Amino acid sequence: MRASRWEVRVPPSGVPADQVLDVEDLFGRAARTTANSIITEPDVPTALQLAATFLRAAAPTPSATTHSMHRNIDEATALVDTITTDPSLLRVSQLAAHAGLSTRQLQRLFAEYVGIGPKWVIRRTRIQEAASRAATTPQDWSALATELGYADQAHFTRDFTGAVGVSPAQYASWARRG
């Protein structure tokens, strides 16, 4: 049985996913004629083709804003990859210089497209590196803290314990036991 009206179930921004909108609510009064043609078309493939043609014509053209957004997403993704692959990047200012951005621009980019700040990503990456090393070989914690950019072992231990839930030494003992 065919629908007696054409409904769109893909919610636009700000519309709950379970809400059904009439085609006129989304595309205006002129869309009613096309919707009626689709509804009354007895041949399903033809009706689908009419709908596809209508939706393609109604789709917004990519704007400079859209292209800029995609560029920013790509840039943010590349910077997260850089943090995880370049152990020499230990400070937000270093990452900002690498990206050719001010520290504030970098923070805004991460807030908008990553959802967390670059400092958090750098810190988590350093903690993950420390955990990985601790799990495989005995560590000089002070030397490791310095290598990972910490001012002292106490700061490193606080960050590690806060992220992992146990001290670096406890984690190493647990991880190497199996």
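What you are looking at is a predicted structure, and each value in this text was computed from that prediction instead of being measured.

Overview of the packing of aromatic side chains
Phase 1 of the analysis: One pass over the structure, following the stated rule, counts six aromatic pairs.
Phase 2 of the analysis: Between F156 and F160, the aromatic rings sit 5.9 Å apart at their centres with planes inclined by 55 degrees, giving tilted as the arrangement. Taken together, the positions of F156 and F160, both in helix 9 (residues 153–164) and four residues apart, correspond to about one turn of that helix.
Phase 3 of the analysis: F160 gets classed as buried once you look at its relative accessible area, which sits at 0%.
Phase 4 of the analysis: Judged by centre distance (5.8 Å) and plane angle (45 degrees), the ring pair of Y171 and W174 falls under tilted.

What about the pattern of salt bridges?
Phase 1 of the analysis: Counted by the stated rule, this structure contains four salt bridges.
Phase 2 of the analysis: Taking the shortest distance from any N to any O, the salt bridge between R123 and D159 comes out at 3.1 Å. Here R123, found in helix 7 (residues 118–136), pairs with D159, found in helix 9; they are 36 residues apart in sequence, far enough to count as distant.
Phase 3 of the analysis: For E129, the salt bridge goes to R133, with nearest N and O atoms at 2.7 Å. Linking E129 with R133, this pair stays in helix 7, spanning four residues, or about one helical turn.
Phase 4 of the analysis: Relative accessible area serves as the criterion here: at 32%, E129 is assigned to the partly exposed category.
Phase 5 of the analysis: Members of the salt-bridge network, linked through shared partners, are E129, R133 and E147.

Describing the environment of Q105
Phase 1 of the analysis: Its location among the elements puts Q105 in helix 6 (residues 103–113).
Phase 2 of the analysis: Judged by its relative accessible area of 37%, Q105 is partly exposed.
Phase 3 of the analysis: Reaching out from Q105, the side chain makes a polar contact with the backbone nitrogen of S102 at a distance of 2.8 Å.

Criteria and thresholds
- Residues numbered from 1 in each chain as written.
- Predicted model: local features only at pLDDT ≥ 70, side-chain atom pairs only at ≥ 80, totals over all residues.
- Heavy atoms only, no water.
- Phe/Tyr/Trp six-rings, centres within 6.5 Å; stacked < 30°, edge-to-face > 60°.
- Helix = DSSP H or I, 4+ residues; strand = E, 2+ residues; numbered from the N terminus.
- Buried < 20%, exposed > 50% of the residue type's maximum accessible area, 1.4 Å probe, protein only.
- Salt bridge = Lys/Arg side-chain N within 4 Å of Asp/Glu carboxyl O.
- Polar contact = N/O pair within 3.5 Å; in protein donor to acceptor, adjacent residues only side chain to side chain.

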